[in-house]
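Report on the structure
Residues per chain are reported as follows:
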Amino acid sequence: MANRWTNTFTTADITPEPLWLNRRQLIAGLGAASVAGGLAGSAHAAGEALEPNSFEDITSYNNYYEFGTGKSDPAENAAALDTSNWSIAIDGLVDRPGDYSLADLTDGLTEEERIYRFRCVEAWSMVVPWNGYELADLLAKAGVQAGARYVAFETAVQPEAMPGVRRSVIPFPYVEGLRLDEAMHPLTMMATGIYSKPIPNQNGAPIRLVVPWKYGFKSIKSIVRITLTEEEPPTTWQNLNAREYGFYANVNPEVSHPRWSQASERMIGGGLFASRQETLMFNGYADEVAGLYEGMDLSKLY
Ligand SMILES: Nc1nc2c(c(=O)[nH]1)N[C@H]1C(S)=C(S)[C@@H](COP(=O)(O)O)O[C@H]1N2
Ligand SMILES: [Mo]
């Protein structure tokens, strides 16, 4: 599969259609065919093929506050992260709570490649070729119970390895959450690779969330716990500043951050004279996800 990157890539290649067709039960309210068509259509709607950033761009300009607040701190410090014998505790409203190794979680699943836009709340963006699995398939291993409405996530805390944790630059562990239907959406993935290589520590090794229609801070790294809950779980940035960061944090060019506009974004790797590009509603994934928020006031979903 690695040699696919040397070929011209179309969005239709991102997910083999049979994988979509297997997902009928998981795609509540949408026919599998329309989801497959919708994903293929999204980049066309955005008017361009997705041209991934270089591996170097993606792995040297990071936000991972456990390793420091500078963009190059994670790449400099994250080699110390111990990713050996990783397991994720899955608990809360599940049929089979317990510690799941990466092998347990991915057993029987086919790793997929997805080229996704990635838009940080700080108004920069990249295009990343992730490798990984749909979160819905991992959650199915634990068996989500009927009463579950939200999914909470937690990042590892390794003070010896993490200078940002030792200095408490923000409260740790870093925590995030999704509504269950967002978590089950076929675009939501758990990434274990980039460019068909194991995901580098600075990008959230060995396994991190990727939710492409939301601001990057929702895509929590190096996950050690997943809890299915009835109540909306707290999130790190809401805890820090609820007036600036909301639970939903859907990319929305029409709703400014209190301190800056979200109407446009700077593309990483574009060079000094690169022009900004317009930010797209739901980061270009509106066809697929707008239905999740029907009847909700999008201006309040920041
Ligand atoms: N645990 C943890 N996860 C995190 C962060 C963090 O500081 N700690 N930063 C978030 C933010 S703000 C962004 S933009 C993305 C950056 O992902 P990347 O470095 O792979 O581009 O990770 C998100 N996940
Ligand atoms: Mo971010």
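All of the points below concern the structure found in this document. (Residues numbered from 1 in each chain as written. Chains lettered and ligands numbered in written order. Predicted model: local features only at pLDDT ≥ 70, side-chain atom pairs only at ≥ 80, totals over all residues. Heavy atoms only, no water.)

A short note on the pairing of strand β2 (residues 98-101)
- As judged from the four bridges shared by strand β1 (residues 87-92) and β2, these two strands associate in the antiparallel manner. What sits directly across from I88, in β2, is Y100.
- Count of turn residues in the β1/β2 antiparallel hairpin: five residues. (Pairing = 2+ DSSP bridges. Helix = DSSP H or I, 4+ residues; strand = E, 2+ residues; numbered from the N terminus.)

Focus on the pattern of salt bridges
- Throughout the structure, instances matching the rule amount to nine salt bridges.
- Among the ionic pairs, K218 bridges to E176, the shortest N-O distance being 2.7 Å. Of this pair, K218 sits in the loop between β9 (208-210) and β10 (223-229) while E176 sits in strand β6 (residues 175-179); the two residues are 42 residues apart in sequence, bridging distant segments of the chain. Take K218 and E176: they sit in the same class, and that class is buried.
- Salt bridges sharing partners connect three or more residues here, namely E112, R114 and E134. (Salt bridge = Lys/Arg side-chain N within 4 Å of Asp/Glu carboxyl O. Buried < 20%, exposed > 50% of the residue type's maximum accessible area, 1.4 Å probe, protein only.)

Some remarks on the site of ligand 1
- Contacts to ligand 1 come from 17 residues, most closely from N62, Y65, E66, T155 and K221.
- Side-chain polar atom of R208 to an oxygen atom of ligand 1: 3.0 Å apart, as the coordinates give it.
- S219 places a main-chain nitrogen or oxygen 2.9 Å from a nitrogen atom of ligand 1.
- Against a free-state accessible area of 530 Å², the protein chains account for coverage of 97% of ligand 1. (Near = heavy atom within 4 Å. Polar contact = N/O pair within 3.5 Å; in protein donor to acceptor, adjacent residues only side chain to side chain. Areas by Shrake-Rupley, 256 points an atom, 1.4 Å probe, with all protein chains shown as cover.)

A short note on the nonpolar core
- I88, W130, F153, M190, L209, W213 and I226 are the most contacted members of the largest nonpolar core, which has 74 residues in total.
- Ranked by the residues each element gives to this core, the list is headed by strand β4 (residues 124-134), at six residues.
- Not counting residues up to four positions away in its chain, the partners in contact with W213 are E182, H185, L187, T188, N250, V251, F282, N283, Y285, V289, L292 and Y293. (Core = buried A, V, L, I, M, F, W, Y, C linked by side-chain atoms within 4.5 Å. Contact = heavy atoms within 4.5 Å.)

Quick word on the pairing of strand β3 (residues 112-119)
- Burial analysis of β3 places eight of its eight residues in the buried class, which makes it a mostly covered element.
- The two faces of β3 match: E112, R114, Y116 and F118 on one face and E113, I115, R117 and R119 on the other face are all buried.
- Remark: four residues form the turn of the hairpin made by β3 and β4, two consecutive strands paired antiparallel; A123 in that turn has positive phi of roughly 70 degrees.

What about the side chain of Q277?
- Take Q277: it is sitting in strand β12 (residues 277-278).
- Among the polar contacts made by the side chain of Q277, one reaches the side chain of E265 at a distance of 2.7 Å.
- Residues within four places of Q277 in sequence aside, it is in contact with R117, S125, S264, E265 and M267.

Description of helix α6 (residues 135-142)
- Within α6, six of the eight residues are buried, which leaves it mostly tucked inside the rest of the structure.
- Directly beyond the C-terminal end of α6, a positive phi value near 75 degrees is found at G143.

Thoughts on unusual backbone geometry
- Put simply, F172 and P173 share a cis peptide bond, and its omega is 5 degrees.
- Looking at the element boundaries, P173 is found in the loop between α7 (163-166) and β6.
- Each neighbour pair has its own omega, and for A205 with P206 the value is -5 degrees, a cis peptide bond.
- Among the structural elements, P206 can be located in the loop between β8 (197-198) and β9.

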